[in-house]
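Below, each chain spelled out in residue letters.
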Amino acid sequence: MDVTSAMCAHGHEQVVLVADPPSGLRAVIAVHSTALGPSLGGVRFWTYASDADAIQDALALSEAMTWKASIAGLHQGGGKAVVLLDDLDAAHDEAMLRALGRAIDELGGRYLAAEDVGATTADMELLATVTPWVTGVSETLGGSGDPSPVTAWGVLVAMRAGLAARDGPDATLAGRRVAIQGAGKVGGHLAQLVAEAGGQVLIADRREDRADAVARSCGGQPISADEILSVACDVLAPCALGGVLNDATVPRLGCRVVCGAANNQLAGPAVDEALDRRGIVYIPDFVASAGGIINLAEEFTGYSRARALARTATI
Ligand code: NAD
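Residues numbered from 1 in each chain as written. Predicted model: local features only at pLDDT ≥ 70, side-chain atom pairs only at ≥ 80, totals over all residues. Heavy atoms only, no water.

We now examine the site of the ligand. By nearness alone, 22 residues border the ligand, and Asp 116, Thr 151, Asp 205, Arg 210 and Asn 263 come closest of all. In this structure, an oxygen atom belonging to the ligand sits 2.8 Å away from a main-chain N or O atom of Val 186. Within the backbone of Ala 240, a nitrogen or oxygen atom sits 2.7 Å from an oxygen atom of the ligand. Protein burial of the ligand: of its 830 Å² of free accessible surface, 89% is covered by the chains. Listed by contribution, the elements that provide at least two residues to the shell around the ligand are helix 5 (148-167) and helix 6 (185-196). Split into classes, the residues belonging to the shell around the ligand amount to 7 nonpolar, 8 polar and 7 charged. (Near = heavy atom within 4 Å. Polar contact = N/O pair within 3.5 Å; in protein donor to acceptor, adjacent residues only side chain to side chain. Areas by Shrake-Rupley, 256 points an atom, 1.4 Å probe, with all protein chains shown as cover. Helix = DSSP H or I, 4+ residues; strand = E, 2+ residues; numbered from the N terminus. Nonpolar A, V, L, I, M, F, W, Y, C, P; charged D, E, K, R; others polar.)

Here you go:
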């Protein structure tokens with residue numbers, strides 16, 4: 001992969017490749033922009049077919065964080081770290097996290113870590129024993145904790161705006177069918193919020209046990225991961241991984257509005273037009289999912305969950 005050309009094409013400032021043979025850590029840290037402040041973005045634990053795929057993911061995700069922080073009016077830039085795993089479901093290795101913490105520390109605050117797919121608050125707390133450049137440690141340790149509940153709240157707010165754009169200003173979630181792809185940290189919280197707003201939850205996960213558990217807890221219906229995109233619904237909420245809206249999936253979407261937390265949902269810019277041609281309202285992912293970074297940024301001025309929720313409500 002021609003890495004520096006890819007960086008130049010999208011304005012990335014820095015990419016750090018990290019390998020720590022004793023722990024087996026292999027990671028990529030991408031800093032897209034520090035124009036508005038230190039880059040902030042999650043650490044993703046995932047399996048990749050190649051190093052190039054991992055670098056590409058880090059580049060795209062860090063760029064999305066720049067748009068997200070900037071449209072939310074924060075003094076933050078965009079960054080992201082991805083950790084290349086051999087086994088997706090294996091427990092996180094402490095030595096690996098310590099090695100990642102040392103690499104983050106060497107960036108001297110240009111990149112601030114946070115939770116992303118596969119990461120936990122406990123992982124952030126372990127990183128914080130190695131470097132101060134970590135957000136999202138628990139509130140008892142002076143942080144803001146898991147951002148996912150606030151992210152989910154922001155998605156709900158954006159969903160209401162999407163329905164209003166489609167059906168008029170008085171549209172509510174009551175009685176609407178909301179299909180959630182991904183029953184993880186955000187998808188799980190979102191399911192509860194949708195159910196509390198009177199919506200009907202349809203939920204899928206590549207791990208069926210997770211979808212079953214969330215569906216049980218909110219009175220929703222589990223759906224197979226293969227069917228969730230095409231199921232007839234009012235809103236589709238992608239809350240798993242990116243690239244889910246593409247030439248193959250858009251023709252078979254069963255929704256009228258797309259609004260979810262997953263980063264980089266569009267496989268390419270032309271997909272936006274394909275959605276428009278089908279009359280589907282698309283809430284840009286970097287807008288819908290900004291609650292998480294809004295919540296993390298509150299740490300820098302003395303964390304208040306109430307303030308984070310109020311600011312997220314402006315999405
Ligand atoms: P998570 O790891 O807790 O959950 C993701 C879930 O998606 C997992 O349960 C996984 O099994 C499932 N999944 C993966 N591929 C799937 C597929 N093809 N079909 C169905 N399910 C699938 O992650 P999360 O923190 O809930 O984040 C979800 C998405 O939202 C990610 O794209 C993340 O980058 C984005 N995001 C999260 C936050 C946050 O606060 N956590 C903030 C902004 C954006």
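Next comes the rest of the account.
One open sheet accounts for 6 strands, arranged 8-7-6-9-10-11; its pairing is parallel. Each edge of the open sheet carries a strand with a single partner, namely strand 8 (221-222) and strand 11 (281-282). Here strand 6 (residues 177-181) pairs with strand 9 (residues 235-238) via 4 bridges, running parallel. Bridge assignment links Gln 181 to a residue of strand 9, and that residue is Pro 238. The strands touched by helix 7 (residues 208-218) within the sheet are strand 7 (200-204) and strand 8, with strand 7 carrying the most contacts at an inclination of about 170 degrees. (Pairing = 2+ DSSP bridges. Contact = heavy atoms within 4.5 Å. Axes fitted to C-alpha atoms, helices over the stretch in contact; angles between N-to-C directions.)

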